[in-house]
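The chain contents come next:
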Amino acid sequence: MSSFTMYTTPWCGYCHRLKSQLDREGISYDVVDIEQVPEAVQIVESANNGNQTVPTLVYTDGTAQTNPSLAQVKDKIASLA
């Protein structure tokens, strides 16, 4: 089971970098492409003051991070455990 969902787009370089880092660390997550899932745009906008900024990570506790570093993601996952 994953601790968070990553909202992304196919053309986002920051998204690709973070996905690679997470995959290398063996961290599981769900991915939602906001261009393919229109209702996901509202989730991203609500987390980013109306902006469609990706990657946006939404955690199981309802909190969100926008374009976090790998260290920030690991710290957040540890706090959820």
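Worth saying up front: this structure is predicted, and the values here are computed from it rather than measured. (Residues numbered from 1 in each chain as written. Predicted model: local features only at pLDDT ≥ 70, side-chain atom pairs only at ≥ 80, totals over all residues. Heavy atoms only, no water.)

Peer 1: Teacher, can you tell me more about the pattern of salt bridges here?
Peer 2: Any two side chains of opposite charge can pair if their charged atoms end up close together. Per the stated rule, a full pass over the model turns up two salt bridges. A salt bridge links Lys74 to Glu25, with the nearest nitrogen and oxygen atoms 2.9 Å apart. Note that Lys74 is positioned in helix 3 (residues 70–80) and Glu25 in helix 1 (residues 13–25), a separation of 49 residues in sequence. Relative accessible area serves as the criterion here: at 37%, Lys74 is assigned to the partly exposed category. The closest approach of N and O atoms between Lys76 and Asp61, which form a salt bridge, is 2.9 Å. With Lys76 in helix 3 and Asp61 in the loop between strand 3 (56–59) and strand 4 (64–66), this residue pair connects regions lying 15 residues apart in the sequence. Lys76 sits in the buried class, given a relative accessible area of 17%. Owing to a relative accessible area of 42%, Asp61 belongs among the partly exposed residues under this scheme. (Salt bridge = Lys/Arg side-chain N within 4 Å of Asp/Glu carboxyl O. Helix = DSSP H or I, 4+ residues; strand = E, 2+ residues; numbered from the N terminus. Buried < 20%, exposed > 50% of the residue type's maximum accessible area, 1.4 Å probe, protein only.)

Peer 1: I'm lost on the pairing of strand 1 (residues 4–8) in this one. Help?
Peer 2: The side chains of a regular strand alternate, residue by residue, between the two faces of the sheet. Burial within strand 1 is extensive, with five of its five residues counted as buried. The side-chain alternation of strand 1 yields two buried faces, one formed by Phe4, Met6 and Thr8 and the other by Thr5 and Tyr7. One ladder, built from four bridges, connects strand 1 with strand 3; its direction is antiparallel. Residue pairing for strand 3: Thr5 is matched across the bridge by Val58. In this structure, strand 1 lies alongside strand 2 (residues 30–33), joined through four bridges in parallel fashion. Opposite Tyr7, over in strand 2, you have Val32 as the bridge partner. Regarding the hand of the β-α-β motif, the stretch spanning strand 1, helix 1 and strand 2 is right-handed. (Pairing = 2+ DSSP bridges. Right-handed = clockwise from strand over helix to strand, strands pointing away.)

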